[in-house]
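Observations on the model geometry
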Amino acid sequence: MPDLIPLYSIKVKCCNCEHGFSTSRVRPSLKKAIRRDADFCAYYKNENPDYYVVRVCPSCGFASTENSADKLTDLQRKAFNEQVGKRWKSRDFGDKRSWETALETYKLALLCAQSINDKDRIIASLLHHIAWLYRYQGNTEQEQRFLRYSLAEYVKVYEKDGIAGNDARLMYLIGELNRRIGEFSVAVMWFSRLINDQKIMDAAMIRAAREQWVVLREQMRGEAVDMDADGLPSGS
């Protein structure tokens with residue numbers, strides 16, 4: 001049986017100029033990750049589906065994901081054109097993407113999302129994906145930089161939407177990203193809040209928070225962080 005061609009094309013309509021164009025996706029049967037990091041960064045044996053999340057309109061340059069709005073408002077169109085669109089030189093990102101091309105599409109999507117004042121959650125996710133791309137390359141400095149940016153946006157999401165609800169995945173991510181950038185006391189606070197909140201019923205996220213709390217304690221011991229009798233950072 002011949003190997004499956006990993007990519008297939010879909011037709012999408014630009015939410016800015018309504019131009020129809022083709023973009024590539026990885027076949028669902030080939031999307032199984034060989035491993036995942038604790039902040040959900042996935043690694044694949046062959047083609048990486050994350051490279052193809054962003055759709056870029058070759059006509060106007062608006063870059064979006066499937067979570068973006070179906071149509072922009074007139075105000076958003078104007079803001080995009082002034083900040084991004086008027087500098088666009090027509091390019092087609094519809095075929096196979098290299099790491100460099102994937103990074104370019106994510107950074108373009110970030111510029112577009114910021115120009116139209118898109119949802120904080122979408123901006124946070126784009127920043128997080130850019131951090132993952134740098135992680136794939138072993139570029140720790142840029143990874144850390146974008147983890148900090150994405151963390152700030154996730155906190156904004158929580159402050160606007162999460163306090164009244166029980167967004168366990170969001171709380172977990174905020175804890176884990178704080179751990180990854182070395183903010184141990186803040187990470188402990190978020191993991192503890194998730195584990196001890198009786199209203200939260202997401203068993204998978206509670207278990208993940210417990211696991212990462214253990215990792216965090218070992219990390220603090222390895223970096224000689226002063227801890228109290230409960231294994232928490234002193235003064236937390």
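Refer to the structure presented above.
Let me begin by describing the structure that accompanies this report. Counting restarts for each chain, with residues numbered from 1 along the sequence as it is written. Local features are withheld for residues below a pLDDT of 70 in this predicted model, meaning they are given only at 70 or higher, and side-chain atom pairs are given and counted only at 80 or more; totals for whole chains, interfaces and linings count all residues. Heavy atoms from the whole structure form the basis of all side-chain values; hydrogens and water molecules are not counted.

As for helix α2 (residues 99–115)
Helix length check: α2 (17 residues) gives 24 Å between terminal C-alpha atoms against 24 Å at 1.5 Å per residue, within 8%. Buried means the residue's accessible area, taken with a 1.4 Å probe over protein chains only, is under 20% of the maximum for its type, while exposed means over 50%, and partly exposed covers the values in between. Elements are defined by DSSP. Helices are runs of H or I of four residues or more, strands are runs of E of two residues or more, and each kind is numbered from the N terminus. Taking burial as the measure, the 17 residues of α2 include twelve buried ones, the bulk of the element. Here, two residues are considered to be in contact whenever any of their heavy atoms come within 4.5 Å of each other. Where α2 is buried, its residues contact β5 (55–56), β6 (63–64), α1 (74–83) and α3 (120–136). N117 occupies a position one or two residues after α2 and carries a positive phi of about 55°. Multiply 1.5 Å by the residue count of a helix minus one, and that product is the helix's expected span.

Details of the side chain of H128
Examined against the element boundaries, H128 turns out to sit in helix α3. For H128, a relative accessible area of 2% corresponds to the buried category. Those residues in contact with H128, other than ones at most four positions away along the chain, are D39, L147, S150, Y154, L173 and L177.

With respect to the packing of aromatic side chains
Two rings from Phe, Tyr or Trp (for Trp, the six-membered ring) form a pair when their centres sit within 6.5 Å of each other. Planes less than 30 degrees apart are called stacked, planes more than 60 degrees apart edge-to-face, and all others tilted. The tally for this structure, following the rule as stated, stands at eight aromatic pairs. Taking 5.8 Å as the distance between ring centres and 25° as the angle between the ring planes, the aromatic pair formed by Y134 and F146 counts as stacked. Here the residue Y134 occupies a position in helix α3, and F146 occupies one in helix α4 (residues 140–162), the gap between them amounting to twelve residues. The burial state of Y134 is the same as that of F146; both residues are buried. Aromatic pair Y158 and W190: ring centres 4.9 Å apart, planes at 85°, arrangement edge-to-face. Here Y158 is found in helix α4, whereas its partner W190 is found in helix α6 (residues 184–196), with 32 residues between them in sequence.

Here we look at the nonpolar core
F62, L126, Y172 and L194 are the most contacted members of the largest nonpolar core, which totals 72 residues. Of all elements in the fold, only β1 (7–13), β2 (20–26), α2, α3, α4, α5 (168–180), α6 and α7 (203–222) reach the threshold of two or more residues within this core. Take this core: its biggest share by element is ten residues, from α3. Beyond its immediate sequence surroundings of up to four residues, L194 is in contact with A168, M171, Y172, I200, M205, I206 and A209. Here, nonpolar core refers to any group of buried Ala, Val, Leu, Ile, Met, Phe, Trp, Tyr and Cys residues whose side-chain atoms link them within 4.5 Å.

A short note on the packing of α5 against α6
Here an angle of 0 to 180 degrees is reported between the N-to-C directions of two axes, which are lines fitted to C-alpha atoms, with helices fitted over the stretch in contact. Across the interface, α5 lies against α6 with an axial gap of 7 Å and an inter-helix angle of 160°. As summarised for this structure, α5 and α6 are arranged roughly antiparallel, according to the angle between their axes. Where α5 crosses over α6, the two elements pack in a sense that is left-handed. Contact residues: A168, M171, Y172, I174, G175, E176, N178 and R179 in α5; F184, V186, A187, W190, F191, R193 and L194 in α6. Amino acids outside the nonpolar list (Ala, Val, Leu, Ile, Met, Phe, Trp, Tyr, Cys, Pro) and the charged list (Asp, Glu, Lys, Arg) are all regarded as polar, and Gly is one of them. Residue composition of the contact of α5 with α6, by class: ten nonpolar, two polar and three charged. Roughly parallel refers to an angle under 35 degrees, roughly antiparallel to one over 145, roughly perpendicular to one between 65 and 115, and oblique to any angle outside these ranges. Each crossing is labelled by how the near helix is turned from the far one, with a counterclockwise turn of less than a right angle marking it left-handed and a clockwise turn marking it right-handed.

Structural notes on the pairing of β1
Here, strands pair whenever DSSP counts at least two bridges between them. Two elements, β1 and β2, share seven bridges in a ladder whose sense is antiparallel. In the sheet register, V12 faces β2, and the bridge partner there is F21. Counting the residues in the hairpin turn of β1 and β2 gives six residues, including E18, whose phi is positive at 65°.

A word on α5
With 13 residues, α5 extends 18 Å from end C-alpha to end C-alpha; this agrees with the ideal 18 Å at 1.5 Å per step. Among the 13 residues that make up α5, eleven are buried, leaving the element largely enclosed by the rest of the structure. Along α5, the positions that sit buried rather than exposed are A168, L170, M171, Y172, L173, I174, G175, E176, L177, N178 and R179. Looking one or two residues past α5, G182 carries a phi angle of roughly 90°, positive in sign.

Describing the side chain of S64
Structurally, the position occupied by S64 is in strand β6. With near-sequence residues (within four places) excluded, S64 lies in contact with C15, V53, V54 and R55.

Some words on the pattern of salt bridges
Each salt bridge in this description consists of a side-chain nitrogen of Lys or Arg and a carboxyl oxygen of Asp or Glu lying within 4 Å of one another. Under the criterion given, the structure shown has 18 salt bridges. The shortest N-O distance in the salt bridge between R25 and E66 comes to 3.7 Å. Here R25 is found in strand β2, whereas its partner E66 is found in the loop between β6 and α1, with 41 residues between them in sequence. A relative accessible area of 56% places E66 in the exposed class. Between E153 and K156 there is a salt bridge whose closest N-O contact spans 3.3 Å. Within this pair, E153 and its partner K156 are both found in helix α4, separated by three residues, close to a single helical turn.

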